[in-house]
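# Observations on the model geometry
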Amino acid sequence: MGYVKGWAASAYLFTAGVARPKDRAFIHRIGEHVFGAPEPPELLVPALPIAPIKDIVQGVRVEIADPISVDGNTTTLEQYVFAALVERHRPKTLFEIGTFDGRTTLNLAVSAGPEARLSTLDLPPQQLAETKLDVHPEDVKYIDKKESGARFKGTPQEKQIEQLWGDSATFDFTPYAGTIDLMFIDGSHAYDYVLNDSERAWGMTHPGSVILWHDYANWDDVTRALDHLRRTDARFSSLRRIEGTSLGYMVRQ
Ligand SMILES: C[S@@+](CC[C@H](N)C(=O)[O-])C[C@H]1O[C@@H](n2cnc3c(N)ncnc32)[C@H](O)[C@@H]1O
């Protein structure tokens, strides 16, 4: 009797059942039962060594000008780390790739003080279709926005901030060569862009400069690119991840 019911159920499943999502899911499971389940995608295990956060923030008093974060920003803990790093290293020239709403730019300017100069580069939305490399599909929502740098507009820090426009793969960074004390890479999250921007950052910085990357372990491409750099490129062999954050971090030797 069981076989007859099974046969009738199969006849139903592979005819009328095909139209019902619940039954289609069951057909899928039968396929896996007979032919085996597909291999799960390989888990990406972030490989950067961890830099203890207390080594960076302990004993440092900081101010965070604009603590509220929205999707696309760094976290408030990351802002705290930025402020502590600025307090420790006292950069006077700072460069950010990826302005977005300008929250990190503003907080960096507040921490670095009125003598510091900041430059922040953003891709104009109209150039989205013309980038030299392919941006990550998930980058689009951060590129396609009404205004870049809205958070520092009208603040006392605005006059310290130079707003730059262009694609980081083609932008002419030569005027900044070797002059930047603190570099923050947070533009496109596509693998090739992270490598491109890291190379550009190297060209703009000097021994003693701090280089920071955002979204390590948040975005697979960023994770793979930074792991690759640390593993294969001696210039980036001191790259670490700051504990409790998605910040890649190194101080150039
Ligand atoms: C996640 S948001 C940056 C967030 C910002 N740094 C913060 O801390 O709030 C990424 C930014 O990178 C910019 N961007 C993406 N691709 C770029 C490219 N090829 N060149 C320059 N900027 C790019 C986007 O327009 C966007 O503003």
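This part takes up the overall build of the chain. When you go through the chain residue by residue, the secondary structure sums to eight helices and eight strands. The C-alpha radius of gyration of the chain comes to 24 Å, more than 25% above the 18 Å expected for a compact globule of 253 residues. Evaluated residue by residue, the chain yields a buried proportion of 38% over its 253 residues. The contacts in the chain between residues at least 6 apart in sequence include a share of 75% that link residues at least 24 apart.

A few words on the packing of helix 7 (residues 191–204) against helix 8 (residues 220–232). Helix 8 packs onto helix 7 with a crossing angle of 45° between their chain directions and a minimal axis gap of 8 Å. On the basis of their axis angle, the class for helix 7 and helix 8 is oblique. The two elements helix 7 and helix 8 cross, and the hand of that crossing is right-handed. Along its contact with helix 7, which presents Y191, V194, L195 and S198, the element helix 8 presents D221, V222, R224, A225, L226 and L229.

In the neighbourhood of the ligand, 26 residues make up the surrounding shell, with G98, F100, T104, L123 and S188 lying closest. At the level of secondary structure, the elements contributing two or more residues to the shell around the ligand comprise strand 2 (93–97), helix 5 (103–112), strand 3 (117–122) and helix 6 (140–143). Residue composition of the shell around the ligand, grouped by class: nine nonpolar, 10 polar and seven charged.

By size, the foremost hydrophobic cluster in this structure holds 49 residues, and its most contacted members are V81, L94, A109, M183, L212 and L226. Looking at this core, the element that brings in the most residues is helix 4 (residues 76–89), giving seven residues. Excluding its chain neighbours within four sequence positions, the residues that come into contact with L212 are M183, F184, I185, L247, G248 and Y249.

Each assigned domain of the chain is listed with its residue range as follows: domain 1 (2–35) and domain 2 (50–251). The gap between the C-alpha centroids of domain 1 and domain 2 is 53 Å.

Our next topic: the packing of helix 4 against helix 5. With their axes 9 Å apart at the nearest point, helix 4 and helix 5 run at an angle of 35° to one another. Helix 5 is crossed by helix 4, and the crossing has right-handed handedness. Contacts from Q79, F82, A83, V86 and E87 of helix 4 reach helix 5 at T104, N107, L108, S111 and A112. Looking at the contact of helix 4 with helix 5 residue by residue, the classes come out as five nonpolar, four polar and one charged.

Here we take up the pairing of strand 3. By the criterion of burial, strand 3 is predominantly enclosed, with five of the six residues buried. Across five bridges, strand 2 lies against strand 3 in parallel orientation. Bridged to E96 within strand 3 is T120. Handedness of the β-α-β unit built from strand 2, helix 5 and strand 3 comes out right-handed. Here strand 3 pairs with strand 4 (residues 161–165) via five bridges, running parallel. When the sheet's bridge partners are listed, L121 is paired in strand 4 with L164.

On to helix 7. In a regular helix each residue adds 1.5 Å, so 14 residues correspond to 20 Å; helix 7 covers 20 Å between its end C-alpha atoms and thus fits that length. Within the span of helix 7, buried status applies to Y193, V194, N196, D197, S198, R200, A201 and M204.

Once that is clear, we can look at the sheet that holds strand 1 (residues 50–51). The sheet built from eight strands is open, its strands ordered 1-7-8-6-5-2-3-4 with mixed pairing. One side of each edge strand has no neighbouring strand; the edge strands of this open sheet are strand 1 and strand 4. Relative to strand 5 (residues 180–185), strand 2 runs parallel, the two sharing four bridges. Within strand 5, the position partnered with I97 by the bridge is I185. Along the sheet, helix 4 makes contact with strand 5, strand 6 (205–213) and strand 7 (240–242), crossing strand 5 at roughly 165°.

What counts and how
- For every chain, the first residue of the written sequence is number 1, and numbering continues from 1 onward in sequence order.
- Confidence filtering applies because this is a predicted model: local features only for residues at pLDDT of at least 70, side-chain atom pairs given and counted only at 80 or more, and all residues used for totals across whole chains, interfaces and linings.
- By definition, any uninterrupted DSSP run of H or I lasting at least four residues is a helix, any uninterrupted run of E lasting at least two residues is a strand, and each is numbered from the N terminus.
- Radius of gyration means the value over C-alpha atoms here, while the globule rule gives 2.2 Å times the residue count to the 0.38 power.
- The exposure scheme places C-beta atoms from the backbone and then counts, for each residue, the other C-beta atoms within 10 Å of its own, assigning buried at 20 or more, exposed at 12 or fewer, and partly exposed in between.
- Here the contact rule is simple: place C-beta atoms from the backbone, and any two residues whose C-beta atoms are within 7 Å are in contact.
- Fitted lines through C-alpha atoms serve as axes, helices being fitted only where they are in contact, and the angles separating the N-to-C directions of these axes extend from 0 to 180 degrees.
- An angle below 35 degrees is treated as roughly parallel, one above 145 as roughly antiparallel, one from 65 to 115 as roughly perpendicular, and anything else as oblique.
- By definition, turning the near helix anticlockwise from the far helix through less than a right angle yields a left-handed crossing, and turning it clockwise yields a right-handed one.
- Near, for a residue, is defined by distance from a backbone-placed C-beta atom to a molecule or strand, with 6 Å as the limit that must not be exceeded.
- In this classification, Asp, Glu, Lys and Arg are treated as charged, Ala, Val, Leu, Ile, Met, Phe, Trp, Tyr, Cys and Pro as nonpolar, and every other residue, Gly included, as polar.
- As used throughout, a nonpolar core is a set of buried Ala, Val, Leu, Ile, Met, Phe, Trp, Tyr and Cys residues joined through C-beta atoms within 7 Å of each other.
- Annotation comment: domain bounds sourced from an automatic or database domain assignment.
- Any two strands with at least two DSSP-identified bridges between them are counted as paired.
- Here, the term right-handed applies to a crossover whose path from the first strand over the helix to the second runs clockwise when the strands point away from the viewer.
- Multiplying 1.5 Å by the residue count of a helix minus one yields the expected span of that helix.

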